[in-house]
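What the coordinates show
The residues making up each chain are set out below.
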Amino acid sequence: MDQVIEDLWRSISSPSIFSQSPAGYPALNVWESGDGLHVEAELPGMRMQDLDLEVKGRQLTVAGEYEQSDDEKTRYHVRERGVGNFKRVLHLPVDVDAERIEAKLENGVLTVDLPKAETARARKIEVRRVGA
Amino acid sequence: MQTRTNEATEKAQRQTYRPNLDLFESDAELTLRVDLPGVDPDNIDIQFEKDTLSLSAETAERSHGGRALLTEYGVGDYARTFRVGDMIDPSGITADYDSGVLTLHLPKVAAAQPHRIAVRAN
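All values derive from a computational prediction rather than experimental measurement. (Residues numbered from 1 in each chain as written. Chains lettered and ligands numbered in written order. Predicted model: local features only at pLDDT ≥ 70, side-chain atom pairs only at ≥ 80, totals over all residues. Heavy atoms only, no water.)

**Some details on the overall build of chain A**
Note the threshold: Think of it this way: any DSSP run of H or I at least four residues long counts as a helix, any run of E at least two long counts as a strand, and we number them from the N terminus. Accessible area is worked out with a 1.4 Å probe on protein chains only. A residue is then buried under 20% of its type maximum, exposed over 50%, and partly exposed in between. By definition, residues are in contact when any of their heavy atoms lie within 4.5 Å.
Counting its regular elements, chain A contains zero helices and nine strands. Sequence-ordered secondary structure for chain A, helices as α and strands as β, is β-β-β-β-β-β-β-β-β. Sorting the 132 residues of chain A into buried and exposed places 39% on the buried side. When contacts within chain A are restricted to residue pairs at least 6 apart in sequence, long-range pairs at least 24 apart make up 58% of them.

Below, the structure is given as structure tokens:
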């Protein structure tokens, strides 16, 4: 556990969250199951209406803008949280059924379930015993 | 890139992360905004002792099943401890959690608030 006691008055920081992930913001975790792909991203403070999700062929785009809630007079001492716009394009390894994609944003965690297109689903092949 | 994780190993290696935060100040208070995505507000623990504020939060398990194709971030608990000085009135601290962000209002003690000095004309 992080037991370092910080002196916030001495920390110097800038909005750098968008450069923390080498691939871009937001960082993504992706899983593949037999039925589909599951994409997850942490977007604390983001609201669904400020988020744009788009699937075009095998490209999923996650874009959005963090609301600027504080006025210019706010005196910041530490600023580490994300500000402004972001856009991330993920290339999907299989075809997905665009009509059945489901997305939810819960406690700042975005989850997108992309069911595989019929043609991309694994099929069980019956193996017939020959002879015997 | 790790493509396969053993669930038992993952649990044993549960990490604690230092959450990102903003700290800003007005005449009456200090406000802290802390990114705590994926947390149930009941699992956030905030302690204020003398001049030190300690935050910790337990993240709910998130399981999607299947094979990991891309793992760009880790999921774990959060903890951060910092000194806020002696200008805070601990009895007035309030906290709320919305959309994965914890907002802490730390009111200043009266002595730390700016006072307008009236200039009298002779």
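**Section: the sheet that holds strand 3 (residues 36–42) of chain A**
Two modes of strand pairing occur in sheets, parallel and antiparallel, and in both the strands are linked by backbone hydrogen bonds. This is how the line gets drawn: Here a strand pair is declared whenever DSSP counts at least two bridges between the two strands. In this analysis an axis means a line fitted to C-alpha atoms, helices contributing only their contacting stretch, and an angle means the value between N-to-C directions, from 0 to 180 degrees.
Across the sheet, which stays open at both edges, the five strands sit in the order 8(A)-9(A)-3(A)-2(A)-6(B) with antiparallel pairing between neighbours. Of all strands in the sheet, those with a lone pairing partner are strand 8 (102–106) of chain A together with strand 6 (67–71) of chain B, marking the two edges. Mean inter-strand twist for the sheet, computed between neighbouring axes without regard to direction, equals 15°. Pairing of strand 3 of chain A with strand 9 (residues 109–115) of chain A, which is carried by seven bridges, proceeds in the antiparallel orientation. Paired with A:Leu37 across the two strands is A:Leu114, which belongs to strand 9 of chain A.

**Concerning the side chain of B:Thr52**
The test is simple: By the criterion applied in these results, polar contacts are pairs of N or O atoms within 3.5 Å in which, for protein atoms, one can donate a hydrogen and the other can accept it, and in which residues neighboring in sequence qualify only through two side-chain atoms.
With respect to the helices, strands and loops of the structure, B:Thr52 is situated in strand 5 (residues 52–59). Of note is the side chain of B:Thr52, whose polar atom sits 3.1 Å from the side chain of B:Asp51.

**Focus: the environment of A:Leu37**
Turning to its location among the elements, A:Leu37 is positioned in strand 3. For A:Leu37, a relative accessible area of 0% gives the class buried. If we ignore the near neighbours within four places in the chain, the residues touching A:Leu37 are A:Trp31, A:Glu32, A:Leu92, A:Pro93, A:Val94, A:Val96, A:Val112, A:Asp113, A:Leu114 and B:Leu69.

**Observations regarding the packing of aromatic side chains**
Residues and elements named next belong to chain A. Operational definition: By convention, a stacked pair of Phe, Tyr or Trp rings (six-membered ring in the case of Trp) has centres within 6.5 Å and planes under 30 degrees apart, an edge-to-face pair has planes over 60 apart, and any other such pair is tilted. Charge over a ring is defined by NZ of Lys or CZ of Arg lying within 6 Å of the ring centre and within 35 degrees of the ring normal.
Under the criterion given, the structure shown has four aromatic pairs over all chains. Between Tyr25 and Phe86 the ring centres are 5.3 Å apart and the planes differ by 75°, which places this aromatic pair in the edge-to-face class. With Tyr25 in the loop between strand 1 (5–7) and strand 2 (29–32) and Phe86 in strand 7 (residues 84–91), this residue pair connects regions lying 61 residues apart in the sequence. Taken individually, Tyr25 and Phe86 each receive the classification buried, so the pair is uniform in this respect. Here the aromatic cluster, defined as three or more aromatic residues joined through ring pairs, consists of Tyr25, Tyr66 and Phe86. The positively charged end of Arg79 is found above the aromatic ring belonging to Tyr76, 3.9 Å away from the centroid.

**Structural notes on unusual backbone geometry**
Excluding glycine, a negative phi dihedral is what most residues carry, and trans is how most peptide bonds are arranged. Between A:Tyr25 and the following residue, A:Pro26, the backbone shows a cis peptide bond with an omega angle of 0°. Inspection of the secondary structure puts A:Pro26 in the loop between strand 1 and strand 2. Phi is positive for A:Asn107, which is not a glycine, with a value near 50°. Within the secondary structure layout, A:Asn107 lies in the loop between strand 8 and strand 9. A positive phi angle, close to 55°, is found at B:Lys50, a residue other than glycine. Considering the arrangement of structural elements, one finds B:Lys50 in the loop between strand 4 (39–49) and strand 5.

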